[in-house]
Every structure is written in C-alpha cells, then in structure tokens.
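A structural walkthrough
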Amino acid sequence: MQTRGYAALSAEAPLAAFQFERRTPGRRDVQIAIEFCGICHSDIHTVRNEWGMTTFPCVPGHEIIGRVVRIGDDVKKVKLGQRVAVGCFVNSCRTCESCKGGHENYCETGFTMTYGSLDRDGKTTFGGYSNQIVVDEHFVLTVPENLDPAGAAPLLCAGITTYSPLRHVGVTKGSRVAVMGLGGLGHMAVKLAASFGAEVTMLSRSPGKKIDAQRLGAHEFVLTSGEGALAPLANRYDAIVDTISAKHDINGPLGCLKRDGTLILVGASPQALDLSPFPLIFGRRKVMGSLVGGIPETQEMLDHCGAHGITSDIELTTPDGINQAYERTLKGDVKYRFVIDCAKF
Ligand code: NAP
Ligand code: ZN
Ligand code: ZN
C-alpha cells in the first residue's frame, strides 16, 4: 500500500517528504490510520546517526496513535474504528523467556523496532512519521477513549519508559523520587511518580522550568547548575530517574540516593558516562538501565493514565515543521513534547 511520510536520507540531510510501500494486512495484522505521532529525542539521535546504527532512508516515529481501518481475518484484540497505539517495537521472537514473560522489549534475539529494523519480509521497518501503518495485533495497544489522542501519543515511549522502571523499583505512596532532565521523558516521570503517591524532586539545569515542574506534580525543584547544588540532597531518594540525553555527571546524583537506592538510567547519551565506584560502595547503591516496557505493561500504563487522566503536555506540529521541532527540542525549547498531526502527511 502506498504510504506517505517523512524520511531522512542521510545523517546530514533534513527530513523530507517520502513515499513508500507497506504490506497489505495479513490474517493477524491491523491497519491503522495514524492520527498523531510524538517526536522522541531517540528519533533525533537515530536520524543523525549518533548511536552509529541507523539504516537510511529512515522514517522515524514510535509514539503512534490512530484508528483501526482494516483487520485481518484472525484479529481478535481490536475492532474496526477503535483507537489504538503502537510503541517502540512491532515484532519479537515470542518464544524466549523474556517474550513468554511479556517482556518483549528484552527479547533475547532482539525485537523488531518500529523503525530501522529488518522486518520479517526482509525490508527495513518505517515508523510513525507517516499516514498509516500495518502491525501484528500482538503489538497493538488499546487507548482509553477519555484521553486526548494527541496528548496520549507520547505515552507510547516517554510514558512507558518512565512508568516501567518506577514500577520495577517499587515506587509507591511515600517514596522519594528525583527526576533528572525536564524534557519529554522527564515530564512524564514527574507526572507518573506523583500519580503513584511519591514525593518528587525535579533536578534541572534550566531555571525557567521551575513553575512548570511544580505544575506537573514536583514537590521541589533544584537547579543543578550551581556549585554544590546537590549537597543538601545527600541520602534522600529511593530512586532517581535520569532522562538526560547527553554526557553528564552521575556521581553527584548517586550520592543523593538513600542506602540501597537506585539510579535509573533511561537517557541514552551517545557518549559513555563516568562512574566512580565510591558512591556505589558507600551506601550499597545501584545503577540500572531500562528500555521502554513490554506489551502487557504498556497496556497497564495506558489504563493507569486513562484512570488518572494523564497525558503528555504537547505542542502540535505539522510534517513540514519536523525539522524545526528537532532544533527546538535540542535547545530544550518545547513544553514538553512535539507531536505531529499525521493527517497532514
Ligand atoms: P528531551 O525532551 O530532549 O529531554 C532531555 C532533557 O535532558 C532536556 O530537556 C534537559 O532538561 C536535559 N538535558 C539535555 N541535554 C543536557 C545536557 N547536556 N546536560 C544536562 N542536561 C541536559 O529528550 P527525551 O525525548 O526526554 O529523551 C531523553 C533521552 O532518553 C534521550 O537520550 C533518548 O534517546 C532517551 N530515551 C531512552 C529510552 C529508553 O527506553 N531507555 C526511551 C526513550 C528515550 P533540563 O533543561 O531540565 O535540564
Ligand atoms: Zn522514544
Ligand atoms: Zn524473544
């Protein structure tokens, strides 16, 4: 099926209009008319080949919301016309321990990413910066109808990437959580941790974000740029969610954890970070990474957001606004996620 989207043809080129084919839906496939797709910082890392693994042409986009327009004969999970979503991956082996446990995001043979992976037909997958997509029903989520669809799109990456590790480390009422970096992921980490009943501190280098942090649910805002800014926070937090997209210090923040506390790294700096053993040894503290979330947990997150009325704070843009949206995201000049109006492709 002829599909319209936007692609980068090389790491140096701006994104531009691009037409390509999608497969005709098979028996277990769902065809989705995409309404909205979020712009994740991972799209920017990928398009600019900062992680060194991009296949071009690259049609990014893994925060996808739309309506079901066609289903294969064996599809049971969704109905025609239903509002659905697709996140960061569209296939996995389904037989390894991780897949069988609903942790398809940790598939031991590697999952098929929504964009930039080799699909089962031997072609590269193309993502949500487009007007339609065809996905196996297992990887399609259902979206609570009470949520604004444009605001719900970023839940598919920014939402689940912060929800999953917060749940994994047991954040609950009364937990103390700090969030580093108030961007797409960071603002969802604040909203979600607050919705679990945690006491949340925002750690940001941007003084202009203080009022927003409080509006989003943070109880405290600490500017990290000043010398000694973290000293008063020593031994305070059960967990810190680090969403920073570039190289930065993690040894100072580690000292802000309580004994046995966990620094959750979700920001994916292309440059390696420096880790001193001492803040880990003194306090038996931990550093963990986390990659989006599995299909059952992504559905659980969407249902949680439906029940609590949680969506992303977004600025809507159009396909011809994508390149400018990238520049503004890099400057931290968006509150707090760009979402593309995909009906305009
Ligand atoms: P974003 O909207 O650009 O937000 C990143 C925030 O980090 C900025 O708003 C800024 O917050 C802070 N920051 C950026 N550069 C910094 C620097 N040099 N030093 C200190 N702080 C800096 O990005 P995002 O979409 O939230 O993504 C964040 C990172 O997570 C990216 O690396 C992305 O690839 C990664 N990611 C990982 C996963 C996963 O599964 N693990 C999923 C999605 C995204 P302040 O101004 O408040 O300091
Ligand atoms: Zn993402
Ligand atoms: Zn697997």
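The structure we're discussing is the one just above.
So, here's what we can say about the structure. (Residues numbered from 1 in each chain as written. Chains lettered and ligands numbered in written order. Predicted model: local features only at pLDDT ≥ 70, side-chain atom pairs only at ≥ 80, totals over all residues. Heavy atoms only, no water.)

1. Some words on the nonpolar core
Ranked by size, the top nonpolar core spans 91 residues in total, and within it Tyr 129, Leu 155 and Ile 322 carry the most contacts. Broken down by element, the residue count for this core peaks at six residues, all from helix α5 (residues 184–195). Excluding anything up to four places from it in sequence, Leu 155 contacts Leu 147, Ile 160, Met 188, Met 301, Leu 302, Cys 305, Ile 310 and Thr 311. Counting residues in each nonpolar core, the second largest holds 14 residues, with Val 222, Leu 233, Tyr 237 and Leu 263 among its members. (Core = buried A, V, L, I, M, F, W, Y, C linked by side-chain atoms within 4.5 Å. Buried < 20%, exposed > 50% of the residue type's maximum accessible area, 1.4 Å probe, protein only. Helix = DSSP H or I, 4+ residues; strand = E, 2+ residues; numbered from the N terminus. Contact = heavy atoms within 4.5 Å.)

2. Some words on the coordination of the zinc ion (ligand 3)
Every protein donor of the zinc ion (ligand 3) is accounted for by Cys 93 (SG), Cys 96 (SG), Cys 99 (SG) and Cys 107 (SG), and the metal-donor separations fall at 2.3 to 2.4 Å. Bound by four donor atoms, the zinc ion (ligand 3) shows angles of 102 to 121 degrees at the metal and therefore tetrahedral coordination geometry. In terms of primary sequence, the donors binding the zinc ion (ligand 3) are separated according to C-x2-C-x2-C-x7-C. Of this pair, Cys 96 sits in the loop between β6 (89–91) and α2 (97–100) while Cys 107 is found in the loop between α2 and β7 (112–113), placing the two residues eleven residues apart along the sequence. Taking relative accessible area as the criterion, Cys 96 reaches 9% and is therefore assigned buried. (Donors = N, O, S within 2.8 Å, 3.2 Å for Na, K, Ca; no water. Tetrahedral: all angles 85-135°; square planar, octahedral: opposite > 155°, others 65-115°.)

3. Here's the deal with the pairing of strand β14 (residues 257–265)
Taken together, the five bridges between strand β13 (residues 237–242) and β14 define a ladder with parallel strand orientation. Residue pairing for β14: Ile 240 is matched across the bridge by Leu 263. (Pairing = 2+ DSSP bridges.)

4. Describing the sheet that holds strand β15 (residues 286–289)
Spatially, six strands are ordered β12-β11-β10-β13-β14-β15 in an open sheet, and the strand pairing comes out parallel. Whereas interior strands pair on both sides, the edge strands pair on one side only; in this sheet they are β12 (220–223) and β15. The average angle at which neighbouring strand axes cross in this sheet is 20 degrees, direction not considered. (Axes fitted to C-alpha atoms, helices over the stretch in contact; angles between N-to-C directions.)

5. Examining helix α9 (residues 295–308)
When the terminal C-alpha atoms of α9 are compared, their 20 Å separation across 14 residues agrees well with the 20 Å that a helix rising 1.5 Å per residue should span. Buried-residue contacts for α9 involve β6, β9 (141–142), α4 (158–168) and α5. One or two residues past the end of α9 sits Gly 309, with phi positive at roughly 65 degrees. (Expected span 1.5 Å × (residues − 1).)

6. Focus on the layout of surface pockets
Here the second largest pocket is characterised by a volume of approximately 300 Å³. Along the walls of the second largest pocket sit 18 residues, with Arg 22, Arg 23, Asp 119, Asp 121 and Thr 125 positioned nearest its centre. Broken down by element, the lining of the second largest pocket gets its largest block of residues, four residues, from strand β8 (residues 132–136). Considered class by class, the residues forming the lining of the second largest pocket number six nonpolar, four polar and eight charged. (1 Å grid on protein atoms, 1.4 Å probe; cavity = no way out; pocket = protein on both sides within 12 Å on 5 of 7 lines; lining within 4 Å. Points joined across faces, edges and corners; volume = space filled by probe spheres on them. Nonpolar A, V, L, I, M, F, W, Y, C, P; charged D, E, K, R; others polar.)

7. Digging into the side chain of Asn 91
In this fold, Asn 91 is placed in strand β6. Of the residues examined, Asn 91 reaches a relative accessible area of 12% and is grouped as buried. A polar contact is formed between the side chain of Asn 91 and the side chain of Arg 94, at a distance of 2.9 Å. Excluding its chain neighbours within four sequence positions, the residues that come into contact with Asn 91 are Phe 111, Thr 112, Arg 120 and Phe 139. (Polar contact = N/O pair within 3.5 Å; in protein donor to acceptor, adjacent residues only side chain to side chain.)

8. Here we look at helix α10 (residues 322–330)
If you check which residues of α10 are buried, you get Ile 322, Ala 325, Tyr 326, Arg 328 and Thr 329. Where α10 is buried, its residues touch β1 (2–7), α1 (41–47), β16 (314–317) and β17 (337–341). Where α10 ends, the next residue or the one after it, Gly 332, has phi of about 70 degrees, a positive value.

9. Details of the site of ligand 1
The immediate surroundings of ligand 1 are formed by 28 residues, with His 41, Ser 204, Ser 206, Lys 209 and Arg 337 found nearest. Measuring from an oxygen atom of ligand 1, one finds a side-chain N or O atom of Ser 42 at 2.8 Å. One of the side-chain nitrogen or oxygen atoms of Lys 209 is found 2.7 Å away from an oxygen atom of ligand 1. A total of 920 Å² of accessible area belongs to ligand 1 in isolation, and the protein chains cover 89% of it. For the shell around ligand 1, the secondary-structure elements that each account for two or more residues are α1 and α5. (Near = heavy atom within 4 Å. Areas by Shrake-Rupley, 256 points an atom, 1.4 Å probe, with all protein chains shown as cover.)

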